[in-house]
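# Close look at the chain arrangement
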Amino acid sequence: MRTIISLLALLTLAACGSGGVNPIVKDSFSRIPLFKGEEEEAKSPPRRITRAMIDQAGVAAIRAGVIDEDLRSTLFATSANDGYNTFANRIQQSITLRGALVTGTRGLGFDLLSVRASANDPLVRPTRPANWPASVERIYEFPAQGPQGKMVRMTCRFEPGKVQTMVILERSHTGLLITEYCTDERGVTVENLHLVDQSNGAIWRSLQWVSPDLANLDVQVIEPYTGD
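Per chain, residue numbering runs from 1 following the sequence as it is written. The model is predicted, so local features are restricted to residues of pLDDT at least 70 and side-chain atom pairs to those at 80 or more, both for listing and for counting; the totals for chains, interfaces and linings are taken over all residues. Where side-chain values are given, they derive from all heavy atoms of the structure, hydrogens and water being excluded.

### Some words on the environment of D184
The line we're drawing: The secondary structure listing takes helices from DSSP runs of H or I that are at least 4 residues long and strands from runs of E that are at least 2 residues long, numbered from the N terminus. Think of a polar contact as two N or O atoms within 3.5 Å of one another; within protein, one of them needs to be a possible hydrogen donor and the other a possible acceptor, and neighboring residues in sequence only count if both atoms come from side chains.
Note that D184 resides in strand β9 (residues 171–184). Taking C-alpha positions, D184 is 8.9 Å from C156, a pair spaced 28 residues apart along the chain. One polar contact links the side chain of D184 to the main-chain amide nitrogen of R186, over a distance of 2.9 Å.

Structure follows, in structure tokens:
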């Protein structure tokens, strides 16, 4: 497993899944200029996605990527199923969120199949930082040979930090930085980091462990899914 020891520095520098698919956005890609057909893209370089484009499309969106890679991709909500919301990009990479908790990934090189979390997990249910529990339990499932996948059970505890303001696609968000230390059954600890809105517990940015074979996933909420 990989332990991340510099998440706070990375976040500071950047400051300036389960069940069937129920479509909630049928044509989100076609409504964003970046996702026009391949033939049209070949004629001119893709346009940079702006807040105006997101507002015009009316689609929930996130921006995500592995922290040790330069690329970040914009992913749009494509399905919702009993609290699990899946976001995908044009090359069929996808991330499934339950609240702010990453519960599934596809196309990133090493897939996360599912995550089971404690009922009081503040990443699943928005919770004001003052009311976060001392610790939570999570069970991560990964592909493996045999009928059952590889299970990693973790106990996670939280440590509040400083208030910080950052801009995500032209919109400013202020929140409390909370570091999360998750330890597995072998005693290996990984580090996550979350920017949490103190008024309602919404998590606007999160650096999360999603695989023993990948660096943490950086997830930034451009437009949250509200079910509207």
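From this point, things continue past the structure.
### Brief notes about the layout of surface pockets
Here is the rule: Two kinds of site are reported from a 1 Å grid over the protein atoms alone, namely cavities, where a 1.4 Å probe fits but cannot get out, and pockets, open sets with protein on both sides within 12 Å along at least five of seven lines, and residues are called lining when an atom falls within 4 Å of a point. Grid points are joined across faces, edges and corners, and a volume is the space filled by probe spheres set on the points. Residue type decides the class: Asp, Glu, Lys and Arg count as charged, Ala, Val, Leu, Ile, Met, Phe, Trp, Tyr, Cys and Pro as nonpolar, and the leftover types, Gly among them, as polar.
Reported here for the second largest pocket is a volume of approximately 340 Å³. Taken together, 17 residues make up the lining of the second largest pocket; nearest its centre are G99, A100, I203, V221 and P224. At the level of elements, β3 (84–88) and β11 (203–208) are the ones that each hand at least two residues to the lining of the second largest pocket. Its residues placed into classes, the lining of the second largest pocket shows 14 nonpolar, three polar and no charged.

### Some remarks on the pairing of strand β12 (residues 217–223)
Put simply, the rule is: The buried label applies to any residue whose accessible area, calculated with a 1.4 Å probe on protein chains only, is under 20% of its type's maximum; exposed applies above 50%, and partly exposed to all values in between. Two strands make a pair as long as DSSP finds a minimum of two bridges between them.
With six of its seven residues buried, β12 lies for the most part within the structure. Bridge count for strand β1 (residues 61–66) against β12 is six bridges, and the pairing is antiparallel. Note that in β12 the partner of I62 across the bridge is V221. Pairing of β11 with β12 involves four bridges; the strand directions are antiparallel. Counterpart to S206 in the pairing with β12 is V219.

### With respect to the sheet that holds strand β5 (residues 101–106)
The condition that has to hold: All axes here are fitted lines through C-alpha atoms, helices being fitted over the stretch that makes contact, and every angle between N-to-C directions spans 0 to 180 degrees.
The 12 strands lie next to each other as β5-β4-β3-β2-β1-β12-β11-β10-β9-β8-β7-β6, forming an open sheet whose pairing is antiparallel. Each edge of the open sheet is held by one strand with a lone partner, namely β5 and β6 (114–117). Looking at each pair of strands side by side, their axes are set apart by 30° on average, direction ignored.

### Things to note about the pairing of β5
A large share of β5 lies buried, amounting to five of its six residues. Strand direction decides the pairing type here: strand β4 (residues 94–98) and β5, joined by five bridges, are antiparallel. Paired with L97 across the two strands is V102, which belongs to β5. As consecutive antiparallel partners, β4 and β5 are separated by two residues, and within that stretch G99 has a phi angle of approximately 70°, a positive value.

### Overview of the environment of E223
As a reminder, the rule being used: Two residues form a contact once any of their heavy atoms are found within 4.5 Å.
Examined against the element boundaries, E223 turns out to sit in strand β12. In this structure, the C-alpha to C-alpha distance between E223 and V59, residues 164 residues apart in sequence, is 7.4 Å. Setting aside anything within four residues of it in sequence, one finds E223 in contact with R51, I54, D55, V59, A60, A61 and R171. A polar contact is formed between the side chain of E223 and the side chain of R51, at a distance of 3.2 Å.

### Points about empty space enclosed by the protein
A probe matching the size of a water molecule, rolled over the atoms, marks out where space remains unfilled. Of the volumes computed, that of the largest cavity is approximately 30 Å³. L97, A100, I203, W204, R205, S206, V219 and V221 together form the lining of the largest cavity. For the lining of the largest cavity, the element with the most residues is β11, which contributes four residues. Tallied by class, the residues present in the lining of the largest cavity amount to six nonpolar, one polar and one charged.

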